[in-house]
Amino acid sequence: MYKILRIAIWLLPLYIGYQLFYQLNVMYSLHHTYTNGEIVAATVEDFQIKQIAAQTNGFIVLDFTAADGTHVNQKLSLPVQMAAPLMSYGMLDVRYLASSSQDIVITATYDAHRNMVSVNIAILIISLTIVILIAIWATKLANRRIASPDEPVFVRIDVDTTSVASVNEPVDLPFDSKNS
């Protein structure tokens, strides 16, 4: 069991590390699109905010034509912090860069989006640090338990049958119950 724990405990830090890498990529792509992308006026075709249990999110459908003639019609999901300021707009200024993983950046919500990603990165760094420390501790514990298990290890010793006393002969025991 401890051999599996020693390996499995590192799956959570790997997953959090992947999420951190993803958020860093989002931050880079967001900044890259905002600074190098072309400014385009996009028409808001559809906008909706959904209230699901304790979670509020929404989406917006943007339609525009890029400078190279490419027609873009894309649905973007939005958290409520970014969706609320966009409710009254029919046209939005966006930055568009087709080669970026975040190809559309809404200029009105850029600061909120950047701040949200920054908070996600900070939380992931703190989480990754804590989970790595826990994984190191658990790995050391598992290594100790593997080296000296709590359960006794029984070793079979085959006895030579010629040296065994017969059943009828008295046997000298190191501890005699009559003398105590």
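Attention in this report is confined to the structure presented alongside it. Computed from a predicted model, the values in this text were never measured in an experiment. (Residues numbered from 1 in each chain as written. Predicted model: local features only at pLDDT ≥ 70, side-chain atom pairs only at ≥ 80, totals over all residues. Heavy atoms only, no water.)

To continue, consider the overall build of the protein chain. On a plain count of helices and strands, the protein chain comes out with four helices and five strands. When the helices and strands of the protein chain are listed from N to C terminus, the series reads α-α-β-β-β-α-β-β-α. Each of the 180 residues in the protein chain was classed as buried or not, and the buried ones make up 28%. Summed over all atoms, the accessible surface of the protein chain reaches about 12800 Å², with 60% contributed by carbon and sulfur. (Helix = DSSP H or I, 4+ residues; strand = E, 2+ residues; numbered from the N terminus. Buried < 20%, exposed > 50% of the residue type's maximum accessible area, 1.4 Å probe, protein only. Areas by Shrake-Rupley, 256 points an atom, 1.4 Å probe, with all protein chains shown as cover.)

Now for a nonpolar patch on the surface. A surface patch of nonpolar side chains, about 460 Å² in accessible area, is lined by Leu12, Tyr15, Tyr18 and Tyr22. Among the secondary structure elements, Tyr22 is positioned in helix H2 (residues 11-36). Tyr22 sits in the partly exposed class, given a relative accessible area of 40%. (Patch = residues over 30% accessible without salt bridge, like charges linked within 9 Å, V, L, I, M, F, W, Y side chains within 5 Å. Salt bridge = Lys/Arg side-chain N within 4 Å of Asp/Glu carboxyl O.)

With 18 residues, the main nonpolar core has Ile60, Leu62, Phe64, Leu92, Val94, Ile104 and Ile106 as its most contacted residues. At the level of secondary structure, the elements contributing two or more residues to this core comprise strand E1 (38-52), strand E2 (55-65), strand E3 (71-79), helix H3 (80-83), strand E4 (91-96) and strand E5 (104-106). If near-sequence neighbours (up to four positions away) are discounted, Leu92 is found in contact with Val40, Ala41, Ala42, Val44, Ile60, Leu62, Leu86 and Ile106. Ranked by size, the runner-up nonpolar core spans nine residues in total, among them Ile16, Val26, Leu124 and Leu128. (Core = buried A, V, L, I, M, F, W, Y, C linked by side-chain atoms within 4.5 Å. Contact = heavy atoms within 4.5 Å.)

Attention shifts here to the packing of aromatic side chains. Two aromatic rings are characterised by how far apart their centres lie and by the angle between their planes. Summed over the entire model, instances satisfying the criterion amount to two aromatic pairs. Aromatic side chains Tyr34 and Tyr110 sit 3.8 Å apart centroid to centroid with 5° between the ring planes, which places their arrangement in the stacked category. With Tyr34 in helix H2 and Tyr110 in helix H4 (residues 110-147), this residue pair connects regions lying 76 residues apart in the sequence. We classify Tyr110 as buried; its relative accessible area is 6%. (Phe/Tyr/Trp six-rings, centres within 6.5 Å; stacked < 30°, edge-to-face > 60°.)

What follows concerns the side chain of Ser100. Looking at the secondary structure, you find Ser100 in the loop between E4 and E5. At 2.8 Å, the side chain of Ser100 and the side chain of Thr33 are in polar contact. Looking at Ser100, its side chain comes within polar contact range of the main-chain nitrogen of Gln102, at 3.4 Å. Not counting chain neighbours up to four residues away, the residues in contact with Ser100 comprise Ser29, His32 and Thr33. (Polar contact = N/O pair within 3.5 Å; in protein donor to acceptor, adjacent residues only side chain to side chain.)

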